[in-house]
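These are the residues of each chain, in order.
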Amino acid sequence: MAQFVKLSVFIRTQFVEGHAPSRKTLKKLILSNELAGKVIGTNYYVDLQKFNMTGNNLVDTVLLAS
């Protein structure tokens, strides 16, 4: 199940202060489907569950099952 968080929360929780990509860059990544997320109105959301994937199908399957 998807776990969507606002873009501001994503930036604050996933990056060290001062080292996060710009909001503009993250919005472009969401719109181009390079970052799992969605837009509702003027708010951008990131799917944390897909962001935290490892790239290994077996490991990702186990993580999704837990």
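An account of the accompanying structure is given in this report. Every value quoted in this text rests on a predicted model; they were computed, and no experiment measured them. Each chain has its residues counted from 1, following the order in which its sequence is written. Predicted model: local features are reported for residues with pLDDT of at least 70 only, side-chain atom pairs are reported and counted for 80 or more only, and whole-chain, interface and lining totals are derived from all residues. For the side-chain quantities, the full set of heavy atoms in the structure was used; hydrogens and water were omitted.

## As for the nonpolar core
Working step 1: Within the largest apolar cluster, ten residues are counted, these being V5, L7, F10, I11, L26, I30, L35, Y44, V46 and L48.
Working step 2: Within the residue set of this core, elements represented by two or more residues are α1 (7–14), α2 (23–31) and β3 (43–47).
Working step 3: Residue contributions to this core peak at three residues, all from α1.
Working step 4: Apart from residues no more than four positions distant in its own chain, Y44 is found in contact with V5, K6, L7, K27, I30, L31, K38 and V39. Definition used in this section: a nonpolar core is a set of buried Ala, Val, Leu, Ile, Met, Phe, Trp, Tyr and Cys residues joined via side-chain atoms within 4.5 Å. For each residue, the accessible area found with a 1.4 Å probe, counting protein chains only, is set against the maximum for its type, and the residue is called buried under 20%, exposed over 50%, and partly exposed in between. Every helix listed is a DSSP run of H or I at least four residues long, and every strand listed is a run of E at least two residues long, numbered separately from the N terminus. Two residues qualify as a contact provided that any one of their heavy atoms is within 4.5 Å of a heavy atom in the partner residue.

## Regarding the packing of aromatic side chains
Working step 1: Aromatic contacts are taken between Phe, Tyr and Trp rings whose centres are within 6.5 Å, Trp giving its six-membered ring; a plane angle under 30 degrees counts as stacked, one over 60 as edge-to-face, and the others as tilted. Here the structure, examined in full by the defined rule, presents one aromatic pair.
Working step 2: With a centroid separation of 5.6 Å and an interplanar angle of 85°, the aromatic rings of F10 and F15 are classed as edge-to-face.
Working step 3: For F10, a relative accessible area of 0% gives the class buried.
Working step 4: Ring-over charges, as used throughout, are those where CZ of Arg or NZ of Lys falls within 6 Å of the ring centre and within 35 degrees of the ring normal. In this structure, K38 is placed above the aromatic ring of F4, and the distance from its NZ or CZ to the ring centre is 4.2 Å.

## With respect to the side chain of D47
Working step 1: In this fold, D47 is placed in strand β3.
Working step 2: Only four residue types enter the tally: Lys and Arg on the positive side, Asp and Glu on the negative side, with His and both chain ends excluded. Salt bridges, as used here, are contacts in which a Lys or Arg side-chain nitrogen is within 4 Å of a carboxyl oxygen on Asp or Glu. Comment: no salt bridge for buried D47; closest opposite-charge side chain is K50, at 4.5 Å.
Working step 3: Among the polar contacts listed, one links the side chain of D47 to the backbone nitrogen of Q3, at a separation of 3.3 Å.
Working step 4: Contacts described as polar in this section are N or O atom pairs within 3.5 Å, which, within protein, must combine one atom able to donate a hydrogen with one able to accept it, while residues neighboring in sequence count only if both atoms come from side chains. Polar side-chain contacts of D47 include one of 3.1 Å to the backbone nitrogen of Q49.

Purely geometric numbers; function is a separate question.
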